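Tertiary structure, described
Here is how the chains run, residue by residue.
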Amino acid sequence: MIINSIESKLPNTGTSIFAVMSGFAVEHGAINLSQGFPDFPISAELIEKVSYFMKKGKNQYAPMPGVVELRNAISKMFQLNHNSFYNPATEITVTAGATQALFAAITAFVKIGDEVIILEPAYDSYAPAIELSGGIVRRSKLLFPDYKINRQEIETMISPKTKMIIINTPHNPTGSLLEKEDMEFIQKITTDTNIIVLSDEVYEHLIFEGKQHQSASRFAELKKRSIVIGSFGKTFHATGWKTGFALAPDYLMKEFRKIHQFVVFASNTPVQYAIADYVQKPENYTYLGEFFQKKRDVFTNAVKDSRFKVLSCYGTYFQLLDYSAITDETELAFAKRLTIEHGIASVPVSPFYKEGEENRTLRFCFAKQDETLLKAAEVLCRI
Ligand code: GLN
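Residues numbered from 1 in each chain as written. Predicted model: local features only at pLDDT ≥ 70, side-chain atom pairs only at ≥ 80, totals over all residues. Heavy atoms only, no water.

This part is about the overall build of the protein chain. Summing up its helical and strand segments, the protein chain has 14 helices and 13 strands in all. For 383 residues, the compact-globule estimate of 2.2 N^0.38 gives 21 Å, and the protein chain sits close to it at 21 Å. Dimensions of the protein chain, computed from C-alpha atoms along their principal axes, come out at roughly 60 × 55 × 50 Å. Within the span of the protein chain, comprising 383 residues, buried residues form 57% of the whole. The long-range share in the protein chain, meaning contacts at least 24 apart out of those at least 6 apart in sequence, stands at 75%. Accessible surface computed for the protein chain: about 16,600 Å², of which carbon and sulfur atoms make up 52%. (Helix = DSSP H or I, 4+ residues; strand = E, 2+ residues; numbered from the N terminus. Rg over C-alpha atoms; globule rule 2.2 N^0.38 Å. Buried < 20%, exposed > 50% of the residue type's maximum accessible area, 1.4 Å probe, protein only. Contact = heavy atoms within 4.5 Å. Areas by Shrake-Rupley, 256 points an atom, 1.4 Å probe, with all protein chains shown as cover.)

The sheet built from seven strands is open, its strands ordered β2-β8-β7-β6-β5-β3-β4 with mixed pairing. Here the strands that pair on one side only, and so sit at the sheet edges, are β2 (92-95) and β4 (136-141). Going from strand to strand, the sheet's axes swing by 20 degrees on average, the running direction of each strand aside. (Pairing = 2+ DSSP bridges. Axes fitted to C-alpha atoms, helices over the stretch in contact; angles between N-to-C directions.)

It is worth spelling out the nonpolar core at this point. In this structure, Ile227 and Leu380 are the most contacted members of the largest nonpolar core, which totals 117 residues. By residue number, the principal contributor to this core is helix α4 (residues 97-109), which donates eight residues. Those residues in contact with Leu380, other than ones at most four positions away along the chain, are Phe299, Val303, Ser306, Phe308, Leu321, Leu338, Ile344 and Phe364. (Core = buried A, V, L, I, M, F, W, Y, C linked by side-chain atoms within 4.5 Å.)

Taken across its six residues, strand β7 (residues 226-231) has six buried, putting it largely inside the fold. Across four bridges, strand β6 (residues 196-200) lies against β7 in parallel orientation. Opposite Leu198, over in β7, you have Ile227 as the bridge partner. Across four bridges, β7 lies against strand β8 (residues 244-247) in antiparallel orientation.

Looking now at unusual backbone geometry. For the bond from Thr169 to Pro170, the omega torsion is -15 degrees, close enough to zero to count as cis. Its place among the elements puts Pro170 in the loop between β5 (162-168) and α7 (180-190). Along the chain, Asn172 connects to Pro173 via a cis peptide bond; the corresponding omega equals 15 degrees. Along the chain, Pro173 falls in the loop between β5 and α7.

The next subject is the site of the ligand. All residues adjacent to the ligand are Phe18, Gln35, Gly36, Tyr123, Asn172, Tyr203, Lys234, Phe318 and Arg363. One nitrogen or oxygen atom from the side chain of Arg363 is found 2.7 Å from an oxygen atom belonging to the ligand. For the ligand, the protein covers 79% of the area, taking 290 Å² as the surface of the free molecule. Split into classes, the residues belonging to the shell around the ligand amount to four nonpolar, three polar and two charged. (Near = heavy atom within 4 Å. Polar contact = N/O pair within 3.5 Å; in protein donor to acceptor, adjacent residues only side chain to side chain. Nonpolar A, V, L, I, M, F, W, Y, C, P; charged D, E, K, R; others polar.)

The element strand β10 (residues 318-322) is extensively covered by neighbouring structure, given that five of its five residues are classed as buried. Every second residue of β10 is oriented toward a common face, with Phe318, Leu320 and Asp322 on one face and Gln319 and Leu321 on the other, all of them buried. Of the pairings in the sheet, the one linking strand β9 (residues 309-310) to β10 comprises two bridges and is antiparallel in character. Among the inter-strand pairings, Val310 is bridged to a residue of β10, identified as Leu321. As paired elements, β10 and strand β13 (residues 361-365) share five bridges and run antiparallel to each other. Bridge pairing in β13 places Phe318 opposite Cys365.

Time to look at the sheet that holds β13. Across the sheet, which stays open at both edges, the four strands sit in the order β9-β10-β13-β12 with antiparallel pairing between neighbours. Each edge of the open sheet carries a strand with a single partner, namely β9 and β12 (347-348). The pairing of β12 with β13 spans two bridges and is classified as antiparallel. Paired with Val347 across the bridge in β13 is Arg363.

So, about the pattern of salt bridges. According to the stated counting rule, one finds 20 salt bridges in the structure shown. A salt bridge links Arg382 to Glu378; the nearest nitrogen and oxygen atoms lie 3.6 Å apart. In this structure, Arg382 and Glu378 share a single accessibility class: exposed. Each of Glu45, Lys49 and Asp277 takes part in salt bridges that share partners, so that together they form one network. (Salt bridge = Lys/Arg side-chain N within 4 Å of Asp/Glu carboxyl O.)

Turning our attention to the environment of Glu184. As for its placement among the helices and strands, Glu184 is situated in helix α7. Sequence-wise, Glu184 and Met157 are 27 residues apart; in three dimensions their C-alpha atoms are separated by 18 Å.

Here helix α11 (residues 269-278) lies mainly inside the structure; nine of its ten residues are buried. Where α11 is buried, its residues meet α2 (44-55), α3 (68-82), β2 and α9 (232-235). For α11, the N-terminal cap is Asn268; the gap from its side-chain oxygen to the backbone nitrogen of Val271 is 3.2 Å.

Helix length check: helix α12 (residues 288-303) (16 residues) gives 23 Å between terminal C-alpha atoms against 22 Å at 1.5 Å per residue, within 8%. Packed against the buried residues of α12 are α9, β9, β10, β13 and α14 (370-381). (Expected span 1.5 Å × (residues − 1).)

So, about the packing of α3 against α11. At a closest axis distance of 8 Å, the pairing of α3 and α11 adopts a crossing angle of 35 degrees. Handedness of the crossing formed by α3 with α11: left-handed. The segment α3 lies against α11, with Glu69, Leu70 and Ala73 engaging Gln272, Tyr273, Ile275 and Ala276. Taken together, the residues that form the contact of α3 with α11 break down as five nonpolar, one polar and one charged. (Left-handed = near helix turned anticlockwise from the far one by under 90°.)

This is the structure:
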């Protein structure tokens with residue numbers, strides 16, 4: 001006999017839209033510009049390094065906070081890029097991807113009844129993690145079509161119950177950025193409060209038009225209450241390796257690690273050693289802005305004469321296209337039809353909103369070989 005009354009802890013949560021659309025792409029043999037992952041090979045040198053460390057016997061549990069070589073390397077990277085020091089011993093933890101880091105950060109601090117402000121469209125893992133901890137999600141919409149933050153609204157949402165604000169720059173799914181003034185605003189409204197800022201910066205190196213990544217680690221006051229999250233899956237085109245990190249002042253990191261140790265204990269050992277070596281050379285990631293800007297341009301130039309309208313994109317590897325000139329269908333309906341009838345899989349933006357906002361826009365991942373992008377664009381131009 002099976003149990004006949006399971007009360008779901010996440011009754012309103014279905015399967016992630018990334019899994020849904022990627023599955024759909026496979027099922028219909030479509031070009032997959034939906035889920036965000038590259039279709040080109042990763043660095044052969046990096047693969048060699050993983051293999052080297054495996055053969056050298058680095059195959060047992062890593063220390064709970066991560067191998068010290070990698071924590072040292074991450075510390076150096078933030079020192080170099082943002083002139084911001086994190087102590088490898090007490091302020092840096094290597095995680096099994098950014099998703100796990102986000103989950104541990106939310107779980108470590110959000111209690112029943114605490115409010116957490118998120119900005120919609122929001123990455124899909126934030127709200128379920130908050131709800132599992134009994135937190136209440138407060139949502140402020142980024143302003144369409146530039147997806148700037150609504151400062152006035154955010155300010156009025158803050159209450160004594162606000163435990164955390166989650167920000168994400170460069171922003172998935174919109175490709176917008178938080179500028180220096182935005183970060184100063186977040187800093188200003190949280191100073192002298194007990195609010196923790198969770199700053200999802202997984203696309204930190206994927207930034208275009210000569211813009212600078214405004215990491216929370218750059219702002220002295222903000223840094224004192226922030227947990228910064230990164231992902232080597234994004235930086236080294238290896239999303240399947242699920243290796244990321246969290247940075248925070250020691251008093252926050254101490255609590256973060258209490259959760260981290262029981263979610264995963266430690267992440268993959270040989271990958272950590274390999275990345276520790278590889279990330280030492282800044283040229284292994286400083287090329288990424290130019291590299292992905294070129295891909296963005298290959299894609300947007302190739303669709304510019306189509307009926308899709310190209311929205312602005314300053315970072316990440318996602319391009320939003322507005323299809324309102326083509327159809328009134330909902331984003332999900334059109335994304336599905338585009339996959340089935342035209343063989344191009346994308347991601348609707350509406351699932352990134354609780355109330356399923358419809359702006360007639362779809363997200364296309366351009367972390368693909370140029371020929372994949374051109375092939376997809378050719379189809380889009382015929383629609
Ligand atoms: N972050 C990736 C995206 O936005 C997907 C991650 C996932 O599948 N969970 O497409």
